[in-house]
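# Results of the structural survey
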Amino acid sequence: MFFTSQQRETIEALSELIIPTTDTPGAITAGVPEFIELIVAEWYDTEDRERFMLGLTEVDERTQALAGVVFSQSKADTQTEILSALETEGQARIMSEEDPPTPFFQQFRGLVLSGYYSSEIGLRQELLYQPIPGRFDGCVDVSEVTRPVSDGN
Amino acid sequence: MARQERYDAIVVGSGITGGWAAKELTERGLRTLVLEAGRSIDPENDYVMTTQAWELPFRGRRDRIRQERERPIQRECYACDEWSEKFFVRDDENPYTTEDGKPFLWIRSRQVGGRSIVWGRQVYRLSDLDFEANARDGFGVDWPIRYADIEPWYDHVERFIGVSGQAEGLAQLPDSRFLPPMNLNCAEQHVRESLMNHFGGERVLTIGRCAILTDDHRGRRACHYCGTCERGCTTHSYFSSLAATLPAAAATGRMTLRPYSVVHSVIYDPTSGRASGVRVIDAETQESIEFHGRLVFLCASALESTRILLHSATERWPDGLANSSGQLGHNLMDHTMGGGAQGLISGMDDKWVYGRRPNGIYLPRFRNVSEQHPDFLRGYAYQGGGSRTGWARGNDMPGFGADFKHALRAPGPWQFRFYGFGECLPRESNQVSLDPDRVDAWGIPVLNIQCEWSDNERAALSDMSIQAAEMLEAAGASDISTFIEDNPPGLTIHEMGTARMGRDPETSVLNGWNQSWDVPNLFVTDGACMTSSANQNPSLTYMALTARAVDYAVKQISDGRL
């Protein structure tokens, strides 16, 4: 295992906050935290991994400073507030700097998106699952295709 | 211990041209040995068409670290992904060398079926605009053939492989024998009509012409639109040698297919002045074996066929077999790619597509068709198309949480992209030679490749980008952005030339029948034979030239000349 149990809890809380359980399962049920662990441990290069770990540590540090507990133990409002702040700061950096390294929020959300929409739950329950469509029609009413079709990935 | 086995014909390579040579030779009664450097492919076990992302360790992101070690060059090809990387060679076993600052990406497959398992499936005829190009502007030598020479062979190949597309009646891009076209989607239909109105038929957007079946055809099933052909198709809906030509050759009972056979060299018999066969290294045992045949067809891919000839030097031809002209290894070409533009098409928010079409649009060449552009010779064409964005646009949207998740269920705006592919001039300085200092995993000297784009290619890339933006404007697109990618030669995987056809044995390696000027029973029918590159995807032309060359060779035998 690559992450400590506290890091894992933070990752679970962040993932579920980004893609929560609604009428379909959310990120935790879809196995997104395990996917993130695999990518950070065995796919990322050193630079991406360090940036990720720094960002993750900062999430808990900021929560401690604000609420006196780690992120996963904090209240829903606190979690949303911190994640929103991270998003805003990251977006400001993207807009103001020339080609900056992806800020933590955007990095983390990217992992959640690719993990969720490549999971069995993401592909079969959240997206319209059409492994063998059988025909192609280039112009149908959107109501016939109610959800995004997987792009095959 | 070398064995002696004799065949009527030996075909080196089992890919898109090797399969055609095998089919045409065996159907004309010749006992044919097909030598393939790589392993056998069993579609039932090797194709991964139905494997879902969640079944892969990295969910389709590829095992980055292992790929960097085993396939640092092959991974540059989009199709060398977590599903399909096994259909590409390992670079550590198959090295080649380039000079610093002059990269060339050589994307390769070694397996029964070759690259036809993972090819792009786009098929376009060349026209006399292409066959006359060298004679017109003086770059390269004149093609020894014209459209009329190859037209019946395009027909022959297309009837067999199955090509879907729309007839447009354009002189610069002759129509194929088409199966029904795939549909344009709503955005593409809109852009087609806008361009018709704005450019009056000079710029025609049509559906891509592809070797994918839209009807059942000769025992192969129509496409089911799963969208990812390069994973292998168990219904054989796209053409590959494994799906169509090799089974046809096998059905004659006259083909012997030998995998794991790395061809070391062509054996030349100075007494008869003919090739007597080939020398093979067994890829599994490293054993050296000789096979003998009356005809030798090199169909190993442009650079592999040339490498074999370079490595078959004799006393008479110290710089490579059949190289009286000195042109063997020279005039390497690829297509440029990646000048273009993209934008958003408004309206049609209530429309979408059903199914995943493994094909895009094509916008045939319009430059230097009727009048000469001041900045560059030859031409380019676009692929690309319209689509609505999916969940990945979440990366560029603000937010998170339930609303964010549910917003990604609806499709994003229609986007449209023109992506250009340009002709490359033949130049002697773009060349391959044997590297004296390095061998591959089978002890065969590797290629040193020296290839660079010239100002002519760069000028066309720039124009592709400008004209793409102009056409998007004409179609009323918004948020238009242009791009010019810096792709090294090789990556388009249309590498060709290095054993060109010509009219004169002093300046070309092959005659108008893909026959060696020097060694009359030796034929090279893959991309190595190309005299100019045109801008069309070349595989269809290679297939037609192969079938034509076999027909000629067999007639020469019947007439007692071979």
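We now turn to the structure provided with this report. Remember, it's a predicted structure, so these values are computed and weren't measured experimentally. (Residues numbered from 1 in each chain as written. Chains lettered and ligands numbered in written order. Predicted model: local features only at pLDDT ≥ 70, side-chain atom pairs only at ≥ 80, totals over all residues. Heavy atoms only, no water.)

## Concerning the side chain of Ser 84 of chain B
The line we're drawing: Numbering of helices and strands runs from the N terminus, with a helix taken as a DSSP run of H or I at least four residues long and a strand as a DSSP run of E at least two residues long. Contacts are assigned to residue pairs that have any heavy atoms within 4.5 Å of one another.
Residue placement: Ser 84 of chain B occurs in the loop between helix 3 (64-70) and strand 3 (97-98). Setting aside chain neighbours within four positions, we find Ser 84 of chain B in contact with Ala 79, Glu 230 and Arg 231 of chain B.

## Notes on the interface of chain B and chain A
Defined as follows: Here the buried area means the combined drop in accessible surface, using a 1.4 Å probe, for two parts upon being joined, counting both sides. Should a side-chain nitrogen of Lys or Arg be within 4 Å of a carboxyl oxygen of Asp or Glu, the pair is scored as a salt bridge. Any N or O atom pair separated by 3.5 Å or less is treated as a polar contact, with the protein-specific requirement of one donor-capable and one acceptor-capable atom, and with residues adjacent in sequence counted only for side-chain atom pairs. Charged means Asp, Glu, Lys or Arg here, nonpolar means Ala, Val, Leu, Ile, Met, Phe, Trp, Tyr, Cys or Pro, and polar covers whatever is left, Gly included. Two strands make a pair as long as DSSP finds a minimum of two bridges between them.
Contacts between the two partners involve 49 residues from chain B, matched on the other side by 61 residues from chain A. Taking both sides of the interface into account, the surface hidden between chain B and chain A amounts to around 4800 Å²; carbon and sulfur atoms contribute 58%. Of all residues in chain B, Tyr 354, Trp 391 and Phe 400 of chain B give up the largest surface area on contact with chain A, accounting jointly for 19% of the area buried on that side. Inspection of the region where chain B meets chain A yields 3 salt bridges. The shortest N-O distance in the salt bridge between Glu 126 of chain A and Arg 409 of chain B comes to 2.7 Å. At the junction of chain B and chain A, the tally comes to 34 residue pairs in polar contact (both at pLDDT 80 or more). Looking at the side of chain B that touches chain A, the elements with two or more residues in it are helix 3, strand 12 (351-354) and helix 10 (402-407) of chain B. Considering only residue class, the side of chain B that touches chain A consists of 25 nonpolar, 10 polar and 14 charged. Bridge analysis of strand 1 (residues 137-141) of chain A against strand 12 of chain B gives 3 bridges, and the strand direction is antiparallel. When the bridges of strand 12 of chain B are listed, Val 140 of chain A appears paired with Trp 352 of chain B.

## What about the sheet that holds strand 3 of chain B?
All names here are of chain B. Pairing is mixed in the open sheet, where 3 strands are placed in the order 3-17-16. The open sheet has two free edges, formed respectively by strand 3 and strand 16 (431-439), since each of these has just one partner strand. Two elements, strand 16 and strand 17 (residues 445-450), share 5 bridges in a ladder whose sense is antiparallel. Within strand 17, the position partnered with Ser 433 by the bridge is Asn 448.

## Here we look at the sheet that holds strand 13 (residues 361-363) of chain B
Residues and elements named next belong to chain B. Going by this rule: For helices, the axis comes from a line fit to the C-alpha atoms of the stretch in contact; other axes are also lines fit to C-alpha atoms, and the angle between any two N-to-C directions lies between 0 and 180 degrees.
Spatially, 6 strands are ordered 6-13-14-15-11-18 in an open sheet, and the strand pairing comes out antiparallel. Lying at the two open borders of the sheet, with one neighbouring strand each, are strand 6 (206-207) and strand 18 (478-484). Where strand 11 (residues 336-345) lies against strand 18, 5 bridges are found, and the strand directions are antiparallel. Paired with Gln 342 across the two strands is Ser 481, which belongs to strand 18. Against the sheet, helix 7 (residues 186-199) engages strand 6, strand 11, strand 13, strand 14 (380-388) and strand 15 (414-422), with an angle of about 65° to strand 15. Here helix 11 (residues 455-474) sits on the sheet and contacts strand 11, strand 13, strand 14, strand 15 and strand 18; the angle it forms with strand 11, its principal contact strand, is near 15°.

## Comments concerning the nonpolar core
In summary, soluble globular proteins display a tendency toward joint burial of nonpolar side chains. Filter applied, for reference: By nonpolar core is meant a set of buried Ala, Val, Leu, Ile, Met, Phe, Trp, Tyr and Cys residues that side-chain atoms within 4.5 Å join together. Think of it in three bands: with a 1.4 Å probe and only protein chains considered, a residue is buried below 20% of the maximum accessible area for its type, exposed above 50%, and partly exposed in between.
Of all hydrophobic cores here, the largest spans 156 residues; its most connected members are Phe 297 and Phe 418 of chain B. Top contributing element to this core by residue count: helix 12 (residues 539-558) of chain B, with 12 residues. Residue contacts for Phe 297 of chain B: discarding those within four places in its chain leaves Ile 10, Val 11, Val 12, Ala 21, Leu 25, Phe 523, Thr 525, Ala 549, Val 550 and Ala 553 of chain B. Ranked by size, the runner-up nonpolar core spans 45 residues in total, among them Ala 27 and Leu 86 of chain A together with Leu 56 and Phe 400 of chain B.

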